[in-house]
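Single-letter residue listing:
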Amino acid sequence: MSVWTDAWDYITSSTSWMGQNGLTRPTFDGGWSWAHDSILALTIEHLYMSAAAVITAAAIALPLGIVLGHVRRGGGLTVVLSNISRAMPTLALLTLFAASAIGFGNRAVIIAAAIFAFPPILTNTFTGMAGVDADVREAALGQGLTRMQVALRVELPLAWPLIAAGLRTSAAQTVATVPLAALVAGGGLGVIINTGLATQRYGEVLAGGVLVALLTLAVDGLMATLQKGLTPPPLRIRARSAA
Amino acid sequence: MDAPPNPWLSWRYVENNWGEISDQLTIHTTLTLEAVAIAFAIAFPLAVLARNVRWLAGPVLGTAGVLYTVPSLALFALLAPFTGIGRTTVLIGLVTYALLVLVRNILTGLEGVDPDIIDAAKGLGYGRWRLLFGVELPHALPSIVAGLRIATVTTVALVTVGVVVGYGGLGQLMFRGFQSNYRAQIATSALLCVVLALALDLAILLAARWLMPWARRRRAA
């Protein structure tokens, strides 16, 4: 089948990995951006956008989840947030941003992806913190630990398996969301698919699809390994039953 | 010179383009319902099989899990060269995503049935099929309904990604609005998407309440 051979040719040629003119291209204002004809550059851009989105989301969701979980309030809020984010199409957010002052391109995509990365981290952090055995909390408070110490040194380690699971879900989901950036003039591996469809080169479309899928599975696998490595052994069994 | 007004919400847009909007809304709705229905028709036997044949549960859930991880854009890209541009491609993609949620929830529901109840039914002489449809299925319904709701809501959102193969329902309007910087078109279609998701969610919830009068009574008691 010619689509397969086209895809194979595309994925095995060194120009499609390194680009016609290297990994970067100059922009009109004297800066540079990642070249959009190089798989390598697009992969780096893809990972950078995903990381930026997840880190932004985690920077807000983790402290918020820890505080809300510690005081055991706001469970309804986390449920509502995750429900809304499920009903809201990513494309809707991207196009809404594009037509607003936020504009389009990578920055807008990172903001949109961060919004979708937010609920899984918040929900899991909240559930993990709020789910810590009340007796354990009592015991820690009774020993004279301050609330801060109870939250960070007792509840947080116990909630870690769930928090790590949330971070993993969030990261995998973000890497899978970023390809949509190509539809609103952003970068990342989705560009290969979008360009291929626009130019009717279906081999490239197929190759792009395989690359995006592999990258997502790789990130998911990496996060799973990290999650396992960073979880203290006694907590691992519970992590498995929670996931 | 002032820029021409470009409001986010405009009733005139809706009035003037109602034909197109309702067409895409219909496509969006039927595509969602069809995808969830097909996914359920595949997921139910799969879940029953995975429940009865123990060693199959891991591979079935594992495969569905891997398929679920594949990004929607990539899945449409993988299908497009073979199934072409248009409805079939989107439908296959949507079914694939709805599958994992449904299989997982149906399986959880079936496994959560109290063994004593199954024992009692067997003791009463229930055969395998009557046991499944008369006893286990009603007991698993809450979990199945939860799965159906999640699957439906995510499917409504996913249909929009179909724009890459030219069949995205309301996503089509969003994308055209993006291309021509037409705010009313983007906002209206985005709103309709969310409203459609909530409406279908509510419809399933009401249908479930009607189907499970016992759950209603228990809550009231």
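Rules behind the numbers
- Residues numbered from 1 in each chain as written.
- Chains lettered and ligands numbered in written order.
- Predicted model: local features only at pLDDT ≥ 70, side-chain atom pairs only at ≥ 80, totals over all residues.
- Heavy atoms only, no water.
- Helix = DSSP H or I, 4+ residues; strand = E, 2+ residues; numbered from the N terminus.
- Buried < 20%, exposed > 50% of the residue type's maximum accessible area, 1.4 Å probe, protein only.
- Patch = residues over 30% accessible without salt bridge, like charges linked within 9 Å, V, L, I, M, F, W, Y side chains within 5 Å.
- Areas by Shrake-Rupley, 256 points an atom, 1.4 Å probe, with all protein chains shown as cover.
- Salt bridge = Lys/Arg side-chain N within 4 Å of Asp/Glu carboxyl O.
- Core = buried A, V, L, I, M, F, W, Y, C linked by side-chain atoms within 4.5 Å.
- Contact = heavy atoms within 4.5 Å.
- Buried area = accessible area lost by both parts, 1.4 Å probe.
- Polar contact = N/O pair within 3.5 Å; in protein donor to acceptor, adjacent residues only side chain to side chain.
- Nonpolar A, V, L, I, M, F, W, Y, C, P; charged D, E, K, R; others polar.
- pLDDT = per-residue confidence, 0-100.
- Axes fitted to C-alpha atoms, helices over the stretch in contact; angles between N-to-C directions.
- Parallel < 35°, antiparallel > 145°, perpendicular 65-115°, else oblique.
- Left-handed = near helix turned anticlockwise from the far one by under 90°.
- Phe/Tyr/Trp six-rings, centres within 6.5 Å; stacked < 30°, edge-to-face > 60°.
- Lys NZ or Arg CZ within 6 Å of the ring centre and 35° of its normal.

*Asks:* Talk me through the overall build of chain A; I want residue IDs and the actual numbers.
*Replies:* Along chain A, the regular secondary structure elements total eleven helices and two strands. Helices (α) and strands (β) of chain A occur, in sequence order from the N terminus, as α-α-β-β-α-α-α-α-α-α-α-α-α. Judged by the C-alpha coordinates and their principal axes, chain A covers about 70 × 40 × 35 Å. The buried share of chain A, reckoned over its 243 residues, is 49%.

*Asks:* Tell me about a nonpolar patch on the surface, residues and numbers included.
*Replies:* On the surface, a cluster of nonpolar side chains totalling about 310 Å² of accessible area is made up of Trp17(A), Met18(A), Leu40(A) and Ile44(A). If you list the elements that add at least two residues to the nonpolar patch, you get helix H2 (14-18) and helix H3 (39-71) of chain A.

*Asks:* Help me get a handle on the nonpolar core, residues and values and all.
*Replies:* Membership of the largest hydrophobic core comes to 117 residues, with the highest contact counts inside it found for Leu102(B) and Ile106(B). Considering every element that reaches this core, the biggest residue donor is helix H6 (residues 106-130) of chain A, with twelve residues. Setting aside residues up to four positions removed in sequence, Ile106(B) forms contacts with Phe40(B), Ala43(B), Phe44(B), Ala47(B) and Ile144(B).

*Asks:* Kindly report on unusual backbone geometry, identifying the contributing residues and their values.
*Replies:* Despite not being glycine, Arg72(A) has its phi angle at roughly 55 degrees, a positive value. In this fold, Arg72(A) is placed in the loop between H3 and helix H4 (75-87). The phi dihedral of Asn181(B) is positive, around 50 degrees, even though this residue is not glycine. Mapped onto the secondary structure, Asn181(B) falls in the loop between helix H8 (170-179) and helix H9 (183-211). We classify Asn181(B) as partly exposed; its relative accessible area is 41%.

*Asks:* Describe the interface of chain B and chain A, and please don't skip the residues or the numbers.
*Replies:* Often, the extent of an interface is quoted as the loss of accessible area upon association of its parts. At the junction of the two partners, chain B supplies 33 residues and chain A supplies 33 residues. When the two sides are added together, the surface that chain B and chain A hide from each other amounts to roughly 2900 Å², 85% of it contributed by carbon and sulfur. Summed over the three residues of chain B that lose the most area to chain A, namely Leu73(B), Phe82(B) and Phe178(B), the buried surface amounts to 19% of that side. Across the chain B-chain A interface, the total number found is zero salt bridges. Seen at the junction of chain B and chain A, the total is one residue pair in polar contact (both at pLDDT 80 or more). Counting residues per element, the ones that place at least two in the side of chain B that touches chain A are helix H3 (54-69), helix H4 (72-83), helix H7 (128-159), H8 and H9 of chain B. Among the residues making up the side of chain B that touches chain A, the classes are represented as 27 nonpolar, five polar and one charged.

*Asks:* Quick one: what's the story with the pattern of salt bridges, residue by residue and with numbers?
*Replies:* Summed over the entire model, instances satisfying the criterion amount to nine salt bridges over all chains. Between Arg201(A) and Glu204(A) there is a salt bridge whose closest N-O contact spans 3.4 Å. For Arg54(B), the salt bridge goes to Glu111(B), with nearest N and O atoms at 3.0 Å. Of this pair, Arg54(B) sits in helix H3 while Glu111(B) sits in helix H5 (residues 87-111), and the two are 57 residues apart along the sequence. Using a relative accessible area of 51% as the deciding quantity, one classes Arg54(B) as exposed. A relative accessible area of 44% places Glu111(B) in the partly exposed class. Counted as one network, the salt bridges with shared partners bring together Arg72(A), Arg137(A) and Glu155(A).

*Asks:* Account for the confidence of the model for chain A, with residues named and values stated.
*Replies:* Across chain A, pLDDT averages 84, with 96% of residues at or above 70. Here helix H11 (residues 233-242) of chain A is the element of chain A with the lowest mean pLDDT, 59, and H3(A) is the one with the highest, 92.

*Asks:* Can you lay out the side chain of Ser189(B) for me, pointing to particular residues and giving the numbers?
*Replies:* Residues and elements named next belong to chain B. By the secondary structure assignment, Ser 189 is in helix H9. Accessibility expressed as a relative area gives 1% for Ser 189, which makes it buried. One polar contact links the side chain of Ser 189 to the main-chain carbonyl oxygen of Ile 186, over a distance of 3.1 Å. Excluding its chain neighbours within four sequence positions, the residues that come into contact with Ser 189 are Leu 170, Leu 173 and Met 174.

*Asks:* Go over the environment of Val165(B) with me, naming the residues and quoting the values.
*Replies:* Residues and elements named next belong to chain B. By the element assignment, Val 165 lies in the loop between H7 and H8. Here Val 165 falls in the buried class, since its relative accessible area comes to 2%. Val 165 has contacts with Phe 76, Ala 80, Ile 85, Gly 86, Thr 89 and Val 90, leaving out every residue within four places of it along the chain.

*Asks:* Could you give an account of the packing of helix H2 (residues 18-52) of chain B against H5(B), naming the residues involved and the relevant values?
*Replies:* Residues and elements named next belong to chain B. Running from N to C, H2 and H5 point in directions that differ by 40 degrees, and their axes come no closer than 6 Å. Judged on the interaxial angle alone, H5 and H2 are oblique. Considering the relative orientation of H2 and H5, their crossing is right-handed.

*Asks:* Which residues make up the packing of aromatic side chains, and what are the values?
*Replies:* Residues and elements named next belong to chain B. Using the criterion set out here, one finds seven aromatic pairs over all chains in the structure. When the centroid spacing of 5.2 Å and the interplanar angle of 75 degrees are considered together, the rings of Tyr 13 and Tyr 182 count as edge-to-face. One end of the pair, Tyr 13, is in helix H1 (residues 11-16); the other, Tyr 182, is in the loop between H8 and H9, with 169 residues separating them in the sequence. Centre to centre, the rings of Tyr 68 and Tyr 97 are 6.1 Å apart; their planes meet at 70 degrees, and the pair counts as edge-to-face. Here Tyr 68 is found in helix H3, whereas its partner Tyr 97 is found in helix H5, with 29 residues between them in sequence. On the accessibility criterion, Tyr 68 (36% relative accessible area) is partly exposed. The buried category is assigned to Tyr 97, whose relative accessible area is 7%. Among the aromatic residues, those joined into a ring-pair cluster are Phe 40, Phe 44, Trp 129 and Phe 133. Seen from the ring of Tyr 126, Arg 130 lies directly overhead, with NZ or CZ sitting 4.1 Å from the centre.

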